[in-house]
Amino acid sequence: MTETRLTPGDAAPEFTLPTADGGTISLDTYRGKRVILYFYPAAMTPGCTKQACDFRDNLSQLTDEGFVVLGVSKDKPAKLAKFAERDALTFPLLSDPDLAVHQAYGAYGTKKLYGKEVVGVIRSTFVIDGDGKVEQALYNVKATGHVASLKKKLGLS
């Protein structure tokens, strides 16, 4: 499996995906804003919950600094709606069940899990500038402490 890896300066792949609340969101909706797009393996699992709650808890600072946060997983919108409700997540959660957007961003492929190579969702975060270019492409991020580390990279800590 050949895996795409984005690097700073690349054009961020465009997408339109269904949201937890039944709508759709396209990346080009946010042209002119900086977007934090993060991919996580599965809604309502411990690590993904920790990461989502970290984004939630830092959302006002990120928003004040001009960022939009979007979370993407392969979960269906109904499960994302439960996740958003259960954990009071106030940023959009997007559904990519066929993994096309995951693959376009290199967030699906071979990874190590408990020392074994497996194919699956690679926990990844991308910062996309107002012109639709990748500013940061972070692969294999840890769920715990990721938002603090990202804020540091963005000069916000």
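What you see is a predicted model; the values in this text were computed from it and never measured.

### Here we look at helix H1 (residues 46–64)
Step number 1: Taking 1.5 Å of rise per residue, 19 residues should cover 27 Å, and H1 covers 28 Å from first to last C-alpha, within 8% of that figure.
Step number 2: Largest kink in H1: about 55°, centred on Asn58.
Step number 3: Of all the positions in H1, only Cys48, Thr49, Gln51, Ala52, Cys53, Asp54, Phe55, Asn58, Leu59 and Leu62 are classed as buried.

### Brief notes about helix H2 (residues 77–86)
Step number 1: Within the sequence span of H2, burial applies to Leu80, Phe83 and Ala84. One face of H2 carries all of its buried residues, which in axial projection span an arc of 95°. Facing away from the buried side of H2 by over 90 degrees, the exposed positions are Ala78, Lys82 and Glu85.
Step number 2: The inward-facing, buried residues of H2 contact H1, strand E4 (67–73) and strand E5 (93–95).

### Here we look at the pattern of salt bridges
Step number 1: Applying the stated rule across the entire model yields seven salt bridges.
Step number 2: Put simply, Asp54 and Lys50 hold a salt bridge, and the shortest N to O gap is 3.4 Å. Pair noted here: Asp54 and Lys50 are both in helix H1, with a separation of four residues, about one helical turn.
Step number 3: Taking the shortest distance from any N to any O, the salt bridge between Arg56 and Asp57 comes out at 2.9 Å.

### Quick look at the environment of Val118
Step number 1: Of note, Val118 is situated in strand E7 (residues 116–121).
Step number 2: According to the relative accessible area criterion, Val118 is partly exposed, its value standing at 27%.
Step number 3: Excluding residues within four positions of it along the chain, Val118 makes contact with Gly109, Thr110, Lys111 and Leu113.

### Describing the sheet that holds E5
Step number 1: Spatially, the five strands line up as an open sheet ordered E5-E4-E3-E8-E9, and their pairing is mixed. At either margin of the open sheet sits one strand with a lone partner, and together these are E5 and strand E9 (134–138). Across the sheet, the mean angle separating the axes of adjacent strands is 20° when strand polarity is ignored.
Step number 2: The pairing of strand E3 (residues 34–39) with strand E8 (residues 124–128) spans five bridges and is classified as antiparallel. From the neighbouring strand, Tyr38 faces E8, where its bridge partner is Thr125.
Step number 3: The sheet strands contacting helix H4 (residues 146–153) are E3, E8 and E9, and the helix crosses E9 at an angle near 145°.

### A few points about the nonpolar core
Buried together is how nonpolar side chains tend to be arranged in soluble globular proteins.
Step number 1: Membership of the largest hydrophobic core comes to 25 residues, with the highest contact counts inside it found for Ile36, Tyr40, Phe55, Val69, Phe91 and Leu93.
Step number 2: For this core, the secondary-structure elements that each account for two or more residues are E3, H1, E4, H2 and H4.
Step number 3: Top element by residues in this core is H1. It accounts for five residues.
Step number 4: Once residues lying within four places of it in the same chain are set aside, the contact partners of Phe91 are Tyr38, Ala52, Phe55, Arg56, Leu59, Val69 and Gly71.

About the criteria used
- Residues numbered from 1 in each chain as written.
- Predicted model: local features only at pLDDT ≥ 70, side-chain atom pairs only at ≥ 80, totals over all residues.
- Heavy atoms only, no water.
- Helix = DSSP H or I, 4+ residues; strand = E, 2+ residues; numbered from the N terminus.
- Expected span 1.5 Å × (residues − 1).
- Bend = angle between axes of the 7 residues up to and from the residue.
- Buried < 20%, exposed > 50% of the residue type's maximum accessible area, 1.4 Å probe, protein only.
- Arc of directions from axis to C-beta.
- Contact = heavy atoms within 4.5 Å.
- Salt bridge = Lys/Arg side-chain N within 4 Å of Asp/Glu carboxyl O.
- Pairing = 2+ DSSP bridges.
- Axes fitted to C-alpha atoms, helices over the stretch in contact; angles between N-to-C directions.
- Core = buried A, V, L, I, M, F, W, Y, C linked by side-chain atoms within 4.5 Å.

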